[in-house]
Amino acid sequence: MKTLIAVLTVLSVIIAFWYAACLPMNIKGVLTEAERAGAEVTPAGAKERRDLGEFGLVLDNRFAIPATWAQDRPRLPAPHQVAQELWKTTGAMVLKGKMMSKRSLFYHGWVTLSATLLGFAIGTGLGILLAVGIVHSRVMDMSVMPWAIVSQTIPIIALAPMIIVVLYSVGVQGILPKAVISAYLSFFPVVVGMVKGLRSPDGMQLDLLRTYNASTNQGFWKLRLPASMPYLFASLKIGIAASLVGAIVGELPTGAVAGLGARLLGGSYYGQTVQIWSALFAAAILAACLVALLGLIERSVLKRMGMGA
Amino acid sequence: MNIETTTQADATNAVVEARNLDLVFPTNDGPVQALKDVNLTINKGDFVSFIGPSGCGKTTFLRVMAALEQPTGGEITVNGMTPDEARRERAYGYVFQASGLYPWRNIARNIKLPLEIMGYSKAEQEKRVNEVLELVELSGFGGKYPWQLSGGMQQRASIARALAFDADILLMDEPFGALDEIVRDHLNEQLLKLWARTNKTIGFVTHSIPEAVYLSTKIVVMSPRPGRITDVIESPLPKERPLDIRDSPEFIEIAHRVREGLRAGHSDD
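As the structure is a computational prediction, the values presented were derived from the model and not from experiment.

## Describing the sheet that holds strand β6 (residues 169–173) of chain B
All names here are of chain B.
Then comes step 1: Ordered in space as β5-β6-β7-β3-β8-β9, the six strands form an open sheet in which the pairing is mixed. Single-partner strands in this sheet number two, and they are β5 (92–95) and β9 (228–234). Within the sheet, the average angular offset between the axes of one strand and its neighbour, ignoring direction, is 15°.
Then comes step 2: Of the pairings in the sheet, the one linking strand β8 (residues 218–223) to β9 comprises six bridges and is antiparallel in character. Counted as the bridge partner of Ser 223 is Arg 228 from β9.
Then comes step 3: Packed on one face of the sheet, helix α6 (residues 151–163) meets β5 and β6 and runs near 165° to β5.

And the structure:
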């Protein structure tokens, strides 16, 4: 109960701040529209107002305050506008039986999600394989790890168009290029986490296996792999969020017509800020659901392994 | 491996024979002599304690026996073989200071770990787990996870794990070092019973004088820098030892001799 109150308090502070921020962000646009509609605005004339402080304008024109939360194309849409747009493009579509129509965020979300999941699967698989190699071979540790680190220093936004162009030139298109970008972002946390996890058994544990004359293989399956599970799940949670970012970024340079990235891009072309914000929130909600799902899987796996005390 | 030593070992019933054993660790501060000129014979069925201050090489010697460290000089045989050959033959069970139980396996499956690795059949695994659980008085705890057990019980489970595959030699590196005195007394008593029932050869590292005297048939007193043996005491105590034997004059006398040995080792550093 106490935590609930605390959580709600933080949430309401954020929302209050957001509404307040809408005033100075939108006031100039609102006043221009109001003046055009024949209202008395101080000072008159958009040119006079251009260099004035936003806060002063709000105070001088209090009648315009409600309008800053109800513009068609505000600089900063108010929370309820974003919420309405979200509902219009999700729940309302479902009620009308058009869940997978081109205007529905479920449709765009699914396009992005499918690339995310494919990329996440590729990235996770690759990451685990690389980690196993790195842990067992000194040569791989020294030759692969630096490249893995370097790969993450290149801004993905710079690399994504090239990946798409290169793959397109060899005839690969559709979901796969997006998945590749998504995998590119998600393999790294898995490599780092799994290397740490596979190396987590201490000297005593390894000595013990030595006294049993256990093979490297047995050591891997019976000790290293189970010991790495908590590390793996921590990495997967980071990895899946990175995958989603990768899939969205992969949609931007292609001018894709479907996907959350396409919604962001379309919104910015046409100044549809409400659409941009609702796509952003859809992405955030999707990421939160994916991470929460992994958390549930983690809990049940570790519990079945006897580690979820 | 020379044949002469092998025959000699068989003739004298020796399980472990160390001759002029040296071990030097290279460290950043220069070489450290962990063992110097160590000579020791451990016979079958002996309970040998190694006692001494930290850095005296008692753990190192145990690890050399188990082929976890390589000596840099001298020679050592275990069952007439090199330690590494003995390790491949799975000649010993090793118990560490921490129980090292896998948190993702329950006690029964922890004990099965060496059995799985060594390829015992499922039925045989089951049978042996029950046997050793009974030996360490943990019957009925096979389904529990390590975190559900007290420290003393966890250590008993790790001893059961070391016993499960019938190694003749049990090497124990301060197995009760992290436990409180009351639990330790109890486990010492149990260990003696277990030793009497199984007739294993036990190497036991400790830095508690009463523990060493109470348990051992042979007490090896060691001193540091360089790690070496300063005294080997054959205990005249009977094999049957109730806890109150520790108040007997013989016990106190041996304990005194151990203390003297430890002090002598300290005076020259």
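From this point, the discussion proceeds with the structure in view.
## Here's the deal with the domain arrangement of chain A
All names here are of chain A.
Then comes step 1: Looking at the assigned domains, one finds that chain A contains domain 1 (2–76) and domain 2 (105–304).
Then comes step 2: Its C-alpha centre places domain 1 at a distance of 41 Å from the equivalent point of domain 2.
Then comes step 3: Contact with domain 1, which involves six residues of that partner, is made by seven residues of domain 2.
Then comes step 4: Both sides of the domain 1 and domain 2 interface together cover about 470 Å² of buried area, and 56% of this is carbon and sulfur.
Then comes step 5: When the buried surface of domain 1 facing domain 2 is broken down by residue, Trp 18, Arg 73 and Pro 74 rank first, second and third, together holding 69% of it.
Then comes step 6: Summed over the shared surface of domain 1 and domain 2, the number is zero salt bridges.
Then comes step 7: Taken together, the links from domain 1 to domain 2 amount to two residue pairs in polar contact (both at pLDDT 80 or more).

## Re the interface of chain A and chain B
Then comes step 1: Taken together, the 20 residues of chain A in the interface contact 27 residues of chain B.
Then comes step 2: Summing the contributions of chain A and of chain B, the shared interface buries around 2200 Å²; its carbon and sulfur component is 61%.
Then comes step 3: On the chain A side of the interface with chain B, the three residues burying the most area are Thr211(A), Tyr212(A) and Lys222(A), jointly 31% of the side's total.
Then comes step 4: Put simply, chain A and chain B have three salt bridges between them.
Then comes step 5: Residues Asp84(B) and Arg210(A) are paired through a salt bridge, measuring 3.8 Å at the closest nitrogen-oxygen approach.
Then comes step 6: Listed by contribution, the elements that provide at least two residues to the side of chain A that touches chain B are α10 (203–211) and α11 (216–251) of chain A.
Then comes step 7: Among the elements that make up the side of chain A that touches chain B, the one with the highest residue count is α10(A) (seven residues).
Then comes step 8: Of the residues belonging to the side of chain A that touches chain B, the class tally is 11 nonpolar, five polar and four charged.

About the cut-offs
- Numbering of residues starts from 1 in every chain and runs along the sequence as written.
- Whichever chain is written first becomes A and whichever ligand is written first becomes 1, with later ones labelled in order.
- A pLDDT threshold of at least 70 governs which residues receive local features in this predicted model, and a stricter bar of 80 or more applies before side-chain atom pairs are shown or counted, although totals over entire chains, interfaces and linings include all residues.
- Excluding hydrogens and water, the side-chain values take into account all heavy atoms of the structure.
- Pairing between strands requires that DSSP locate at least two bridges from one strand to the other.
- Secondary structure is summarised from DSSP: a helix means a run of H or I of at least four residues, a strand means a run of E of at least two, and numbering begins at the N terminus for each.
- Axis definition: a line fitted to C-alpha atoms, over the contacting stretch in the case of helices. Angles run 0 to 180 degrees between N-to-C directions.
- It only takes one pair of heavy atoms within 4.5 Å for two residues to be counted as in contact.
- The split of the chain into domains comes from an automatic or database domain assignment.
- Summed over both partners, the accessible area (1.4 Å probe) lost when two parts come together is defined as the buried area.
- Definition used for salt bridges: Asp or Glu carboxyl oxygen within 4 Å of a side-chain nitrogen of Lys or Arg.
- Pairs of N or O atoms are called polar contacts if they sit within 3.5 Å, as long as, within protein, a hydrogen donor faces a hydrogen acceptor (for residues adjacent in sequence, only side-chain-to-side-chain pairs).
- Three classes are used: nonpolar for Ala, Val, Leu, Ile, Met, Phe, Trp, Tyr, Cys and Pro, charged for Asp, Glu, Lys and Arg, and polar for all others, with Gly counted as polar.

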